[in-house]
Amino acid sequence: QVQLVESGGGLVQAGGSLRLSCAASGRTFNSYTMGWVRQAPGKEREFVAAITWILGRTYYADSVKERFTITRDNAKNTVYLQMNSLEPEDTAIYYCAAHMAAGSIPYKPSQYDYWGQGTQVTVSS
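Here's a quick rundown of the structure. Fair warning: this is a prediction, and the values are worked out from it, not measured in the lab.

**Observations regarding the pattern of salt bridges**
- Counted under the stated rule, the structure contains five salt bridges.
- For the salt bridge of E46 with R38, the shortest nitrogen-to-oxygen distance reads 2.6 Å.
- On the basis of relative accessibility, which here comes to 6%, the residue R38 falls in the buried class.
- Between R67 and E87 there is a salt bridge, and its shortest N-O distance comes to 4.0 Å. Residue R67 is located in the loop between strand 6 (58-60) and strand 7 (68-73), and its partner E87 is located in the loop between strand 8 (78-83) and strand 9 (92-99); the two are separated by 20 residues in the primary sequence.
- Residue class for R67 comes out buried when judged on its relative accessible area of 11%.
- Several salt bridges share partner residues, and in doing so they unite R38, E46, R67, E87 and D90 into one network.

**Describing the packing of aromatic side chains**
- The final tally for this structure, using the stated rule, is four aromatic pairs.
- Measuring from centroid to centroid gives 6.1 Å for Y59 and Y107, while their planes differ by 90 degrees, and the two rings are edge-to-face. Placement of the pair is Y59 in strand 6 and Y107 in the loop between strand 9 and strand 10 (114-115), with a sequence separation of 48 residues.
- With a relative accessible area of 42%, Y107 lands in the partly exposed category.

**Some details on the state of the cysteines**
- In the structure shown here, the tally under the stated rule is one disulfide.
- In this model, C22 is linked to C96 through a disulfide, with the two sulfur atoms separated by 2.0 Å. Negative torsions about the S-S bond denote left-handed disulfides, and the value of about -75 degrees found for C22 with C96 makes this one left-handed. Separated by 74 residues along the polypeptide, C22 in strand 3 (residues 18-26) and C96 in strand 9 bring together distant segments of the chain.
- Judged by relative accessible area, C22 falls into the buried class, the value being 0%.
- Classification of C96 by relative accessible area gives buried; the value is 0%.

**Quick notes on the environment of R19**
- Structurally, R19 can be placed in strand 3.
- Looking at R19, the relative accessible area reads 46%, which means it is partly exposed.
- Considered as a pair, R19 and L81 are 62 residues apart in the sequence and their alpha carbons are 5.5 Å apart.
- Ignoring anything within four residues of it in the chain, the contact list for R19 reads S7, G8, Y80, L81 and Q82.

Thresholds, definitions, all that
Residues numbered from 1 in each chain as written. Predicted model: local features only at pLDDT ≥ 70, side-chain atom pairs only at ≥ 80, totals over all residues. Heavy atoms only, no water. Salt bridge = Lys/Arg side-chain N within 4 Å of Asp/Glu carboxyl O. Buried < 20%, exposed > 50% of the residue type's maximum accessible area, 1.4 Å probe, protein only. Helix = DSSP H or I, 4+ residues; strand = E, 2+ residues; numbered from the N terminus. Phe/Tyr/Trp six-rings, centres within 6.5 Å; stacked < 30°, edge-to-face > 60°. Disulfide = S-S within 2.5 Å. Contact = heavy atoms within 4.5 Å.

So yeah, pure geometry; function would need other evidence.
Here's what the structure looks like:
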């Protein structure tokens, strides 16, 4: 079993920054890809960013490239999402998620096996 706990959400003005954290516990994560997925009101969940646990390879949605950065701290079993130049369109619940299968990049929310409870990010204009 895997437990994921997000923190760091909040209210910020457009152009501001936030850093989300995801603390993972339970099974070892060496073969996992960790990701961030968001869901805006009235919309489906969408992929934001992902990082492979061992090599640290990163992948981003086009809408957040150059603004968001995903990183991980293996010693702390924690994944971060640094969000800069935030826009009102970034307002959503942000979920941390874990993808167990090796050899595939989880661009689709349905590919994730474990989920955190989510943290709200609100960007005011």
